[in-house]
Amino acid sequence: MSVARTLHRRRRVATAAVAATILAGAGVVSAGAESGTSAARSSIAATLLSAELRYTLTSAKDSAAELTDSGYDPGAARHGVDAYRLVYRTIDAKGQPATASGLFTVPRGVQGRLRTVSFAHGTGVHRIDAPSMQRKVFLTGSSVTYASAGFATVAPDYLGVGTGPGKHPWMDVPSEATASLDLLRAAGQFAPRTGHTLDRGVLATGFSQGASAALGLGRALQAGEDRYFRLGALAPISGAYDFGGAEIPALLAGDSELEPRWRVVYAAYTLVAFDRVHDVYDNPGKVFRDPGVEELFDGMHTGPQMISALPRTLDELLTPYGRDLLARPKGGLAAGLRGTDSVCKDWKPKAPIRLYMAQGDEQATVRNTANCAAAFHERGTRVSVVDLGAVDYQKSRHLGSNVRGTAEVVRWFSTLRTGGNR
């Protein structure tokens, strides 16, 4: 099922849930009616619940220092930055009403309409591994880069991360797209309070997990999922776009270019996260030699805690059934992968698009990018693939691709007329 069809189905479920709530006299109509969204999403989504100023970078010099301290290129910094945490209504991976949080950053000293960037972050396992929860770390460097360059920037925390309830449905592109789109809507409601309005052309970018999320958002925008916002440009970085056809085979390959520890991490997270949405296994003992592995992805363990507790090899991690399931997906896993792997298939972006990658990526095989570009080319879409070269951040080419990629993307976005609108 494509991302667009999945979004439509989940909206129908959400609408039915809201209707039942209204009939029960819960009184949620007024908040949704004020949101100005389509009838299918009224009463639950795109409603701003709260806004909190998280921090201020007073001047361009302060922004540049923040970026430098975080390991990012400060070259595009022209403004100070105000950073807000927004909490808003959305829908969860089952189409039920939910809340989520995200970071909204705007440049200081600029009033009026701002070009709009949506940045989707990479994989984390703890609830605070989210842009609105931490400052001056890898997570916020991209947001500060775009805002200090003059863009309004939204960065969703995703479902089950940040302040939102529940557990995170990792690599569930439809819910990443709705969380991203509903944050855009909430930011559009809040922006006038900061003296700004948001340009309708959304420049969508993201890293790793967020690269697929950015494509999911782009597809939703192009399909007309919102009355105001539309797709201006796409610039995903180092994504696992062909998760079932390229990434999982690379995780399982004996001669894989991926680092062994990340092969174990992503194999485990795939089974746990996809089971949350698609019912992959009856009990964790069926796929993991130690059923306690599932608890490591509960949102309360840090990355180092999770990595240190995981076994060192796939043979120690997986039962024969678990390994075979990854090698030959079926049932719920196969269904989930069809959605995740649709981000580059069955649609033709009408906006400018560049895919960024780095040779030697130890976490996301570069075949993901090659396969994505090939899928778009087959449908007649002109795609530029940008090899970022030998990059490094904390001894990781994967992380380094985001640092260098952000510097490249902000320069490209700055050349696009009126936020990429045509």
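Rules behind the numbers
Residues numbered from 1 in each chain as written. Predicted model: local features only at pLDDT ≥ 70, side-chain atom pairs only at ≥ 80, totals over all residues. Heavy atoms only, no water. Disulfide = S-S within 2.5 Å. Helix = DSSP H or I, 4+ residues; strand = E, 2+ residues; numbered from the N terminus. Core = buried A, V, L, I, M, F, W, Y, C linked by side-chain atoms within 4.5 Å. Buried < 20%, exposed > 50% of the residue type's maximum accessible area, 1.4 Å probe, protein only. Contact = heavy atoms within 4.5 Å. pLDDT = per-residue confidence, 0-100. Pairing = 2+ DSSP bridges. Right-handed = clockwise from strand over helix to strand, strands pointing away.

Undergrad: Looking at this structure, I do not really get the state of the cysteines. What am I missing?
TA: What we call a disulfide is simply a covalent bond connecting the sulfur atoms of a pair of cysteines. Counting across every chain of the model gives one disulfide. Here Cys344 engages in a disulfide with Cys372; their sulfurs sit 2.0 Å apart. Residues Cys344 and Cys372 share a disulfide whose torsion about the S-S bond is about -85 degrees; that sign makes it left-handed. Residue Cys344 is located in the loop between α12 (331-340) and β8 (354-357), and its partner Cys372 is located in helix α13 (residues 367-378); the two are separated by 28 residues in the primary sequence.

Undergrad: What is the right way to read the nonpolar core from this model?
TA: By size, the foremost hydrophobic cluster in this structure holds 42 residues, and its most contacted members are Leu86, Phe104, Leu215, Tyr241, Cys344 and Phe376. Contributing elements (two or more residues each) for this core: β2 (81-91), β3 (97-107), β5 (152-156), α5 (173-190), β6 (196-207), α6 (209-222), β7 (230-237) and α13. Top contributing element to this core by residue count: α5, with eight residues. Setting aside residues up to four positions removed in sequence, Phe376 forms contacts with Leu215, Val343, Cys344, Trp347, Pro349, Ile353, Thr381 and Val383.

Undergrad: Please explain the confidence of the model for the chain as it appears in this structure.
TA: Should the pLDDT be low somewhere, the predicted coordinates at that spot are not to be read in detail. For the chain, mean pLDDT is 89; residues scoring 70 or higher make up 88% of the total. Under a pLDDT of 50 for its full length, residues 13-44 has, in the predicted model, 50 contacts with residues more than four places off or in other chains.

Undergrad: Hey, could you run me through the pairing of β6 in this one?
TA: Two faces make up the sheet, and in a regular strand the side chains alternate between them. The buried fraction of β6 amounts to 10 of the 12 residues, a majority that puts the element mostly inside the structure. Here strand β4 (residues 112-120) runs beside β6; their pairing, made up of eight bridges, is parallel. Its bridge partner lying in β6, Leu114 is registered against Leu198. Both β6 and β7 contribute to a ladder of seven bridges, which runs parallel. Bridged to Gly201 within β7 is Arg230. Between β6 and its parallel partner β7, the chain crosses via α6, and the hand of that crossover is right-handed.

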